[in-house]
Amino acid sequence: MSDNEKETTVNNDMENDNPNISPDTDTEKLETKKKSMLHEIISWTATIAGAILLAYIITTFVIVNAEVPTESMENTIEAGDRLVAFRLSYLFEDPERYDIVVFKYPDNEEKLFIKRVIGLPGEKVTIKHNENGETKVYINDSGTPLDDAFIKESMILRDDTSINEELTYIVPENCYFMLGDNRNNSRDSRFWENTFVKKEKILGKALFKYYPSIAWIGDM
């Protein structure tokens, strides 16, 4: 055997006897990697599940996330606007006049509507012409009409009423009379079969629009 062959044999024997190489090393590394991947999967799953649960809790008990499909609240809220209403607004207090609220439509509670609170429990709401021929809303026979600076245009009394007629509503206890800001193009308490909205059917007070632009509407 030549010297080179001897050297090669010695080197190969040394490599086989290397104490740093163990037949179990690759298996242990693979097991460690599997455990790490499993831990990461569990961690991500828990994070996603927690986020879903949190979103469910928020949208069920804290906010209403709604898209407005019609023009009934223009110009305050435009068709296609997306907004957030706060479910806890009326947990310890009652809705106030001019609040914009999301509620279950009295004639079909599977639908959600958004309107402005106009008549409060126990009040008499009268819609009639003033001395200038303008249609205004009056509360409890007051000589001063409600502020309507937010409506889109001057209100028409209603197509089926004459110039001398008026519309009168007595709001039951625990109920509210609703009108849209675009009063000439709004299906609201004036037209519903079930005229009034019960307090427990009000889901929340509208706070702000977030799409297509951001705007605060809580006190509009």
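Description of the environment of Asn-184
Then comes step 1: The residue Asn-184 is located in the loop between β8 (175–179) and β9 (197–198) in this model.
Then comes step 2: When the C-alpha atoms of Asn-184 and Glu-153 are compared, they prove to be 7.9 Å apart, with 31 residues separating the residues in sequence.
Then comes step 3: Sequence-distant contacts of Asn-184, that is, excluding residues within four places in its chain, are made with Glu-153, Ser-154, Met-155 and Ile-156.

Some thoughts on the nonpolar core
Then comes step 1: One finds Val-125, Ile-127, Val-137, Tyr-169 and Phe-177 to be the most contacted residues of the largest nonpolar core, which totals 15 residues.
Then comes step 2: Every element with two or more residues in this core is listed here: β5 (124–129), β6 (135–139), β7 (167–170) and β8.
Then comes step 3: The element contributing the most residues to this core is β8, with three residues.
Then comes step 4: Val-64, Leu-83, Ile-100 and Ile-114 belong to the second largest nonpolar core, which has 13 residues in total.

What about the layout of surface pockets?
Then comes step 1: Size it by volume and the largest pocket reaches roughly 270 Å³.
Then comes step 2: What lines the largest pocket is a set of 15 residues, among which Pro-69, Thr-70, Ser-72, Phe-113 and Lys-115 lie closest to the centre.
Then comes step 3: Those elements that place two or more of their residues in the lining of the largest pocket are β1 (63–67) and β4 (112–119).
Then comes step 4: Top element by residues in the lining of the largest pocket is β4. It accounts for four residues.
Then comes step 5: Here the lining of the largest pocket is composed, by residue class, of seven nonpolar, four polar and four charged.

Rules used in this analysis
As a convention, each chain's residues are numbered from 1 in the sequence order in which they are written. With pLDDT at 70 or above as the cut-off, local features in this predicted model cover only qualifying residues; side-chain atom pairs require 80 or more to be listed or tallied, and sums for whole chains, interfaces and linings still use all residues. Only heavy atoms go into the side-chain values, all of them from the structure, while hydrogens and water stay out. Secondary structure elements are defined from DSSP: runs of H or I of at least 4 residues count as helices, runs of E of at least 2 residues count as strands, and each element is numbered from the N terminus. We call two residues contacting when some pair of their heavy atoms lies within 4.5 Å. We call a set of buried Ala, Val, Leu, Ile, Met, Phe, Trp, Tyr and Cys residues a nonpolar core when their side-chain atoms join them within 4.5 Å. Relative accessible area decides the class of each residue, using a 1.4 Å probe on protein chains only: under 20% of the type maximum gives buried, over 50% gives exposed, and in between gives partly exposed. Cavity and pocket criteria rest on a 1 Å grid covering protein atoms alone: a 1.4 Å probe that fits but cannot get out defines a cavity, protein on both sides within 12 Å along at least 5 of 7 lines defines an open pocket, and an atom within 4 Å of a point defines a lining residue. Grid points are joined across faces, edges and corners, and a volume is the space filled by probe spheres set on the points. Charged residues are taken to be Asp, Glu, Lys and Arg, nonpolar residues to be Ala, Val, Leu, Ile, Met, Phe, Trp, Tyr, Cys and Pro, and polar residues to be all remaining types, Gly included.

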